[in-house]
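# Structural overview
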Amino acid sequence: MHELSITQSMLEIVLQQAAKAKAKKVTKINLIIGEMTGVVSDSVQFYLDILTQETIAAGAQVSFTLVPSQGKCRKCGRIFTLPEFDWTCPDCQGKIIDVISGKELFVESIEVE
Amino acid sequence: MEIKVLKNILGANDQIAAKNRELMAKHEVFAVNVMASPGAGKTSVLLQTIRALKGKTRIGVIEGDIASSIDAETVAKEGIPVVQINTGGECHLESFQIQNALNNLPLPDIDLLLIENVGNLVCPAEFSIGEDLKVMIASVPEGDDKPYKYPLMFNTVDAIVLNKIDLLPYVKFNVEGFTKTVKNINPKVELFKVSCTTGEGIQPWAKWLLARMKSK
């Protein structure tokens, strides 16, 4: 469900930027999404199709660049992709891991005509 | 033509959250965002906390639900100011809703504001509402594997209250394993084990909350 409000906020940014560039049509929206946010691309596209009716972004396609969840071991500094279970450092078996990526929610760019 | 944007999608929400924070700081209100899955015992923990802190601090409550005002009515019986937010389908509270609620609360008469988020372990973790502290209520019947399934929630919170520990003799729940996983995902988190039915563990939790509030 949270895709609806995320898509609304995203569309606001997109329409603002498109108006600034005096664009007539938005054709593509490129997003950067962290894996941990659980945002589903199909849902975003679904809500976008509804929300963009009668706007210059009608029919725009969403493209997702997924950012993997990565952690950094506090003990040895090793950076590694966080597995679904057991966040343990593969090098030193350290158990204290800071999340350094995977929470992103960004509009990277838009393609306009 | 491509236009570079690089804007945080939740930027607008974060801006209003900052305003909420400013307003509450002005009135010296300490806000706690309470999150959990449906049925974990958010309202019960809130009621126990309110009773444990009666006379020690002045409490206000914001109740967030998709529909109904059942929780607000329950809390209002404690004789404290409470505002109900109905999200009408949305699965989490956003900062603009808190902004409206704050305008309907007697902020000069509140020291501790407990905000009960919509029952959900996914989205509330992503939306900042201007709180000072994020707390999650977990419960024994939900199972000890939840940290694996909702890592963002477990990673985001300052404290976890494990509720319904009176059911431990009847439910397969590995407390030690749960604690280990939680600390693995979030090394800084405080963990409290409570039962709202027996009252066990409520005092240490309430004491810690009060101390955090006073250290702000």
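Each chain has its residues counted from 1, following the order in which its sequence is written. Labels follow written order: the first chain is A, the first ligand is 1, and so on. Two thresholds apply to this predicted model, a pLDDT of at least 70 for residue-level local features and 80 or more for giving and counting side-chain atom pairs, whereas whole-chain, interface and lining totals are computed over all residues. By convention in this description, side-chain values take in all heavy atoms of the structure and omit both hydrogens and water.

## A look at the overall build of chain B
By the criteria applied, helices consist of DSSP H or I runs no shorter than four residues and strands consist of E runs no shorter than two, each listed in order from the N terminus. When you go through chain B residue by residue, the secondary structure sums to eight helices and eight strands. The globule rule is 2.2 Å times the number of residues to the power 0.38, and the radius of gyration it is compared with is taken over C-alpha atoms. For chain B, the C-alpha radius of gyration of 17 Å lies close to 17 Å, the compact-globule estimate for 216 residues. Taking the principal axes of the C-alpha coordinates as reference, chain B spans close to 60 × 50 × 35 Å. Exposed residues in this analysis have more than 50% of their type's maximum accessible area, buried residues have under 20%, and partly exposed residues fall in between, with area computed by a 1.4 Å probe over protein chains only. Here chain B holds 216 residues, and the buried ones make up 56% of them.

## Here we look at the pattern of salt bridges
Residues and elements named next belong to chain B. Any Lys or Arg side-chain nitrogen found within 4 Å of a carboxyl oxygen on Asp or Glu counts as a salt bridge. Scanning the entire structure with this criterion turns up eleven salt bridges over all chains. A salt bridge links Lys 4 to Glu 2; the nearest nitrogen and oxygen atoms lie 4.0 Å apart. Of the residues examined, Lys 4 reaches a relative accessible area of 57% and is grouped as exposed. A salt bridge links Asp 145 to Lys 149; its shortest N-O distance comes to 3.5 Å. Among the residues examined, Asp 145 registers a relative accessible area of 27% and is labelled partly exposed.

## What to know about the sheet that holds strand β5 (residues 112–116) of chain B
Residue and element names in this part refer to chain B. Should DSSP find at least two bridges between two strands, the strands are regarded as paired. The seven strands lie next to each other as β4-β3-β5-β2-β6-β7-β8, forming an open sheet whose pairing is parallel. Strands with a single pairing partner mark the edges of an open sheet, and in this sheet they are β4 (82–86) and β8 (190–193). This sheet shows a mean twist of 20° between the axes of neighbouring strands, independent of strand direction. Strand direction decides the pairing type here: strand β3 (residues 59–65) and β5, joined by five bridges, are parallel. Note that in β5 the partner of Glu 63 across the bridge is Glu 116. Contacting β3, β4 and β5, helix α4 (residues 95–103) crosses the sheet at an angle of about 150° to β4. To obtain each axis, a line is fitted to C-alpha atoms, and for helices this fit is confined to the stretch in contact; angles are then taken between N-to-C directions over 0 to 180 degrees. By definition, residues are in contact when any of their heavy atoms lie within 4.5 Å.

## Let's talk about the pairing of β4 of chain B
All names here are of chain B. Of the two faces of β4, the one holding Val 83 and Ile 85 is buried and the one holding Val 82, Gln 84 and Asn 86 is not buried anywhere. The sheet contact formed by β3 and β4 spans five bridges and is parallel. Within the sheet, the bridge partner assigned to Ile 62 lies in β4 and is Val 83. Here is how to tell: hold the view so the strands point away, follow the path from the first strand over the helix to the second, and if it runs clockwise the crossover is right-handed. Crossover β3 to β4 through helix α3 (residues 70–76) is right-handed.

## Structural notes on the interface of chain B and chain A
On the chain A side, the residues contacting the 27 residues of chain B number 34 residues. Once two parts are brought into contact, the accessible area they lose, counted with a 1.4 Å probe and summed over both, makes up the buried area. Both faces considered, chain B and chain A share a buried interface measuring about 2900 Å² in area, 62% of it formed by carbon and sulfur atoms. Counting the surface chain B buries against chain A, the share from its top three residues, Ile 3, Ile 9 and Asn 184 of chain B, is 24%. Between the two partners, chain B and chain A, sit zero salt bridges. Whenever two N or O atoms come within 3.5 Å, that pair is a polar contact, provided that in protein one can donate a hydrogen and the other can accept it, and provided that, for residues adjacent in sequence, both atoms are side-chain atoms. Scanning the region where chain B abuts chain A turns up twelve residue pairs in polar contact (both at pLDDT 80 or more). Elements supplying a minimum of two residues to the side of chain B that touches chain A: β1 (2–8), α6 (151–156) and α7 (175–185) of chain B. Amino acid classes used here: Ala, Val, Leu, Ile, Met, Phe, Trp, Tyr, Cys and Pro are nonpolar; Asp, Glu, Lys and Arg are charged; the rest, including Gly, are polar. Here the residues of the side of chain B that touches chain A are counted per class, giving 15 nonpolar, five polar and seven charged. Inspection of the sheet shows strand β6 (residues 105–112) of chain A paired to β1 of chain B by five bridges, in the antiparallel sense. In the sheet register, Val 107 of chain A faces β1 of chain B, and the bridge partner there is Lys 7 of chain B.

## Points about the confidence of the model for chain B
Per-residue confidence from the predictor is reported as pLDDT, a score between 0 and 100. Per-chain confidence: chain B averages 94 in pLDDT, with 100% of residues scoring 70 or above. ipTM for the predicted complex: 0.80, alongside a pTM of 0.85.

## Quick look at unusual backbone geometry
You will see that Lys 22 of chain A, though not glycine, has its phi angle at about 55°, which is positive. Along the chain, the position of Lys 22 of chain A falls in the loop between α1 (2–20) and β1 (26–34).

## Describing the packing of aromatic side chains
Residues and elements named next belong to chain B. Only Phe, Tyr and Trp rings are paired, with Trp represented by its six-membered ring, and only when their centres lie within 6.5 Å; those with planes under 30 degrees apart are stacked, over 60 edge-to-face, the remainder tilted. If you walk through the whole model with that rule in mind, you get six aromatic pairs over all chains. Seen from their ring centres, Phe 154 and Phe 178 are 6.3 Å apart, and the 80° between their planes marks the pair as edge-to-face. One end of the pair, Phe 154, is in helix α6; the other, Phe 178, is in helix α7, with 24 residues separating them in the sequence. Residues Phe 154 and Phe 178 agree in their burial class; the two are buried. Between Phe 192 and Trp 208, the ring centres sit 5.2 Å apart and the planes meet at 50°, which makes this aromatic pair tilted. Here Phe 192, found in strand β8, pairs with Trp 208, found in helix α8 (residues 202–214); they are 16 residues apart in sequence, far enough to count as distant. Judged by relative accessible area, which is 10%, Phe 192 ranks as buried. Taken together, the aromatic side chains of Phe 154, Phe 173 and Phe 178 make up a single cluster linked through ring pairs.

## A word on the side chain of Thr 88 of chain A
Within the secondary structure layout, Thr 88 of chain A lies in the loop between β4 (79–81) and β5 (97–101). Polar side-chain contacts of Thr 88 of chain A include one of 2.9 Å to the side chain of Lys 95 of chain A. Apart from the residues within four sequence positions on either side, Thr 88 of chain A is in contact with Phe 80, Gln 93, Gly 94, Lys 95 and Ile 97 of chain A together with Asn 184 of chain B.

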